[in-house]
Amino acid sequence: MRQALEEMRALYERNQADVSEAKSGRTDLIFLIRFRHCCLLRNQRCLLAYLYDRLLRIRALRWEYGSVLPNTIQFHMSAEEVEWFNQYKKSLATYMRSVGGEEGLDLTQDIKPPKSLYIEVRCLKDHGEFEIEDGTTILLKKNSQHFLPRWKCEQLIRQGILEHVLS
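Please read all numbers here as calculations on a predicted model, not as lab measurements.

Student: I would appreciate a short explanation of the state of the cysteines in the present structure.
Tutor: Think of a disulfide as a covalent bridge from one cysteine sulfur atom to another cysteine sulfur atom. A full pass over the atoms with the stated rule returns zero disulfides. Counting only cysteine sulfurs, C39 is the nearest neighbor of C38, a cysteine outside any disulfide, at a range of 7.1 Å. C153 carries a free sulfur, and the closest cysteine sulfur to it, the one in C123, is 11 Å from it.

As structure tokens, then:
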């Protein structure tokens with residue numbers, strides 16, 4: 001990206017110099033100025049397409065990983081991208097609270113239709129206490145297995161705290 005921006009800066013500066021000469025009567029430079037201008041516009045379109053693709057990928061990360069990104073992914077993002085991710089996260093959370101009644105509606109759950117409402121999970125890390133809808137508190141210790149509602153543990157599965165045990 002830096003290389004493309006540097007090339008655009010050089011093209012722009014050469015065009016500025018040639019425009020001032022063209023104004024003084026050198027009409028043979030007009031085609032060269034137009035050509036450089038087309039190159040500038042092409043580079044601009046390429047950079048915008050690249051940035052838009054990164055934006056779509058960052059938006060998809062919110063749906064895949066939840067509201068907390070792993071450090072390995074966040075390390076490869078610029079400060080502006082992290083800020084955009086946080087703003088998107090807040091906007092999505094505000095929208096989810098506004099629909100679905102009192103508790104809101106978590107749109108990030110059940111991205112794929114579940115085959116069963118309860119699944120067996122194994123805890124990969126010590127996580128502490130975990131409360132399910134009926135008020136039951138479960139202690140999530142490393143290597144412990146539990147039979148939990150799918151919608152309550154999907155987020156923890158994505159975060160790598162739990163894994164789905166397939167019998």
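Student: Would you mind going over the sheet that holds strand β5 (residues 162-164) with me for this structure?
Tutor: Hydrogen bonds between backbone atoms are what pair the strands of a sheet, whose relative direction is either parallel or antiparallel. Pairing within the open sheet is antiparallel, and its three strands lie in the order β4-β1-β5. Unpaired on one side and paired on the other, β4 (145-149) and β5 mark the two borders of the sheet. Adjacent strand axes in the sheet meet at a mean angle of 45 degrees, parallel and antiparallel pairs treated alike. Relative to β5, strand β1 (residues 118-123) runs antiparallel, the two sharing three bridges. Directly across from R122, in β5, lies its bridge partner E163.

Student: Sorry, what's going on with the nonpolar core here?
Tutor: Inside soluble globular proteins, nonpolar side chains tend to come together where they are buried. Counting 12 residues, the largest nonpolar core is built from I119, V121, C123, F130, I132, I138, L140, L148, C153, L156, I161 and L162. Broken down by element, this core gets its largest block of residues, three residues, from β1. Beyond its immediate chain neighbours, meaning those up to four positions away, L156 contacts H127, F130, L140, I161 and L162. Judged by nonpolar contacts, the second largest core, of seven residues, contains I58, L61, I73 and M77.

About the criteria used
- Residues numbered from 1 in each chain as written.
- Predicted model: local features only at pLDDT ≥ 70, side-chain atom pairs only at ≥ 80, totals over all residues.
- Heavy atoms only, no water.
- Disulfide = S-S within 2.5 Å.
- Pairing = 2+ DSSP bridges.
- Helix = DSSP H or I, 4+ residues; strand = E, 2+ residues; numbered from the N terminus.
- Axes fitted to C-alpha atoms, helices over the stretch in contact; angles between N-to-C directions.
- Core = buried A, V, L, I, M, F, W, Y, C linked by side-chain atoms within 4.5 Å.
- Buried < 20%, exposed > 50% of the residue type's maximum accessible area, 1.4 Å probe, protein only.
- Contact = heavy atoms within 4.5 Å.

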